[in-house]
Amino acid sequence: MAKAPRSKKKPAKSPAEDTDFVLHSLQDALEKDRRYDATQEQMLHFYEQMLLIRRFEERAGQLYGLGLIGGFCHLYIGQEAVAIGLQSALDGDKDSVITGYRDHGHMLAYGIDPKVIMAELTGREAGISKGKGGSMHMFSTEHKFYGGHGIVGAQVALGGGLALAHQYNEDGGLCLAYFGDGAANQGQVYETMNMAALWKLPIVFVVENNQYAMGTSTARSSAETEFHRRGTAFRIPGMDVNGMDVLEVRQAAEIAFKHVRDGKGPVLMECNTYRYRGHSMSDPAKYRTREEVQDVREHKDPIEGLKKVLIEKGSSEDELKAIDKDIRKTVTEAADFAENSPEPEASELYTDVLVGEY
């Protein structure tokens, strides 16, 4: 019996030969000019917002130590430039944001009242989720901020859904989906990337690489530590960004968001940053040295870095000290408001459990 002829598979083309494979890394555009040309007024606003996150998180750490914040509490100290640089470039009327459980900074970057955030941390009725979400489950549909998620990597798949909704509704919005270097090894992350690339969904995947995930260095936990390369298999362009420089992050945001808004599909951005505290308040961070942390604080701190630029551009030390004084007052007021707010009634246990109507 004659054998059927074998079909000859065409040899795969290299990316350089395949005109359909447009993976030009957006890095080239960033390399041409790595820093956003911000006005003095914009830089002062960035400085104020980063300082608000820093002082707020420092106070949250104190309240946790006093037992006023229960459960887990993951502080954003050191990573402020990422949230401010990216979210300052969003369109608040159209775009959505979703993140993991280190979420206080992202909410503050949105301009949400520190009082309702601190009230949520302390489990008070006045909190943004009525005191029922706490530190890890912040949420505000009004601001298109969809969490605050405690399951590692789950927010990325949900972010894909938000991006699909933007595309389906033709509202011109994009989704900014944050995840960490630890979550970068989750399978659902890559399932979402595959779908996002296939459908050209308007989403920017942002890896906040703070180097240690929960407590294991990236070198020990990840075969590919250059996380911006991980979209290559799905033909998603990557960007390698200094997450300790708010002006570079903002510049990267401008480039990435334009790419997505032009209908060219998703972008994977890696923001290399560093958290000064442990993974959570219960983590003593013995996997790294004090000297390492101190070196980053002294030479790469995002707030001090912008402060130097501001002074070089004409701002005075007194002006910046006045901003810090006002921020401290705001944070104190937020803490006092939270401490003096009542806890939710027991009946609140039965609300917001089921969707009343669609």
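Refer to the structure printed above.
Now for a look at the structure at hand. Throughout this document, residue positions are counted from 1 along each chain, in the order its sequence is written. pLDDT decides what is reported in this predicted model: residues at 70 or higher carry local features, side-chain atom pairs at 80 or more are listed and counted, and totals for whole chains, interfaces and linings draw on all residues regardless. To get the side-chain values, all heavy atoms of the structure are used, and hydrogens and water are removed first.

### Notes on the pattern of salt bridges
We define a salt bridge as a side-chain nitrogen of Lys or Arg found within 4 Å of a carboxyl oxygen belonging to Asp or Glu. In this structure the tally under the stated criterion is 17 salt bridges. Of the charged contacts in the structure, one is a salt bridge between Asp301 and Arg54, with a shortest N-O distance of 2.9 Å. Linking Asp301 in the loop between α10 (290-299) and α11 (302-312) with Arg54 in helix α2 (residues 40-65), this pair joins segments that are 247 residues apart in sequence. Among the ionic pairs, Lys132 bridges to Glu348, the shortest N-O distance being 3.1 Å. Separated by 216 residues along the polypeptide, Lys132 in the loop between α5 (114-121) and α6 (154-169) and Glu348 in the segment after α12 (317-340) bring together distant segments of the chain. Helix and strand assignments come from DSSP, with helices taken as H or I runs of at least 4 residues and strands as E runs of at least 2, each series counted from the N terminus.

### Quick word on α12
The end-to-end C-alpha separation of α12 is 35 Å, in line with the 34 Å expected for 24 residues at 1.5 Å each. Listed in full, the buried residues belonging to α12 are Leu320, Ile323, Asp324, Ile327, Val331, Ala334, Ala335 and Ala338. Any two residues having at least one pair of non-hydrogen atoms within 4.5 Å are treated as being in contact. Tucked inside the fold, the buried residues of α12 contact α2, α5 and α11. Helices are assigned an expected span. That span is 1.5 Å times one less than the residue count. Burial classes follow relative accessibility: with a 1.4 Å probe on protein chains only, a residue under 20% of its type's maximum area counts as buried, one over 50% as exposed, and anything between as partly exposed.

### Looking at a nonpolar patch on the surface
A cluster of nonpolar side chains, Leu164, Met195, Leu198 and Trp199, forms an exposed patch at the surface whose accessible area comes to about 410 Å². Top contributing element to the nonpolar patch by residue count: helix α7 (residues 187-199), with three residues. Topologically, Trp199 is positioned in helix α7. For patch building, the residue pool is restricted to those with more than 30% relative accessible area and no salt bridge; the joining distance is 9 Å between like charges and 5 Å between nonpolar side chains (Val, Leu, Ile, Met, Phe, Trp, Tyr). Every accessible area reported is derived by Shrake-Rupley at a probe size of 1.4 Å, with residue values counting cover from the shown protein chains alone.

### A closer look at the environment of Glu254
Here Glu254 lies in helix α9 (residues 246-261). For Glu254 and Ser25, which are 229 residues apart along the polypeptide, the C-alpha to C-alpha distance reads 15 Å. In contact with Glu254, other than residues within four places in its own chain, are Tyr36 and Ala89. Distance and chemistry together define a polar contact, namely a pair of N or O atoms within 3.5 Å, with one atom able to donate a hydrogen and the other to accept it when in protein, and with adjacent residues in sequence counting only for side-chain atoms on both sides. There is a polar contact of 2.8 Å between the side chain of Glu254 and the side chain of Arg250.

### Description of the pairing of strand β2 (residues 175-180)
Successive residues of a regular strand alternate their side chains across the two faces of the sheet. Counting buried residues along β2, five of its six residues qualify, which places the element largely inside the surrounding structure. Where strand β1 (residues 96-98) meets β2, three bridges bridge the pair, whose relative direction is parallel. Its bridge partner being in β2, Val97 is matched across the sheet by Leu176. A clockwise course of the path from the first strand over the helix to the second, judged with the strands pointing away from the viewer, identifies a crossover as right-handed. Since β2 and strand β3 (residues 203-209) lie parallel, the crossover through α7 that links them has a hand, and here it is right-handed. Whether two strands pair comes down to DSSP finding at least two bridges between them.

### Points about the packing of α2 against α5
Two numbers describe how α2 lies on α5: the axes approach to 11 Å, and their chain directions differ by 25 degrees. Taken together, α2 and α5 sit at an angle that is classed as roughly parallel. For the element pair α2 and α5, the recorded crossing hand is right-handed. For the pair α2 and α5, contact is made by Leu52, Phe56, Arg59, Ala60 and Leu63 and by Pro114, Ile117, Met118 and Leu121, respectively. Each axis is a line fitted through C-alpha atoms, and for a helix only the stretch in contact is used; angles between axes span 0 to 180 degrees, taken between their N-to-C directions. Under this scheme an angle from 65 to 115 degrees is roughly perpendicular, one under 35 degrees roughly parallel, and one over 145 degrees roughly antiparallel; angles in between are oblique. Note: crossing handedness is left-handed where the near helix turns anticlockwise from the far helix by less than a right angle, and right-handed where it turns clockwise.

### Some thoughts on the environment of Met195
Relative to the elements of secondary structure, Met195 occurs in helix α7. Met195 gets classed as partly exposed once you look at its relative accessible area, which sits at 40%. A sequence separation of 35 residues divides Met195 from Gly160, and the C-alpha atoms of the two residues are 8.1 Å apart.

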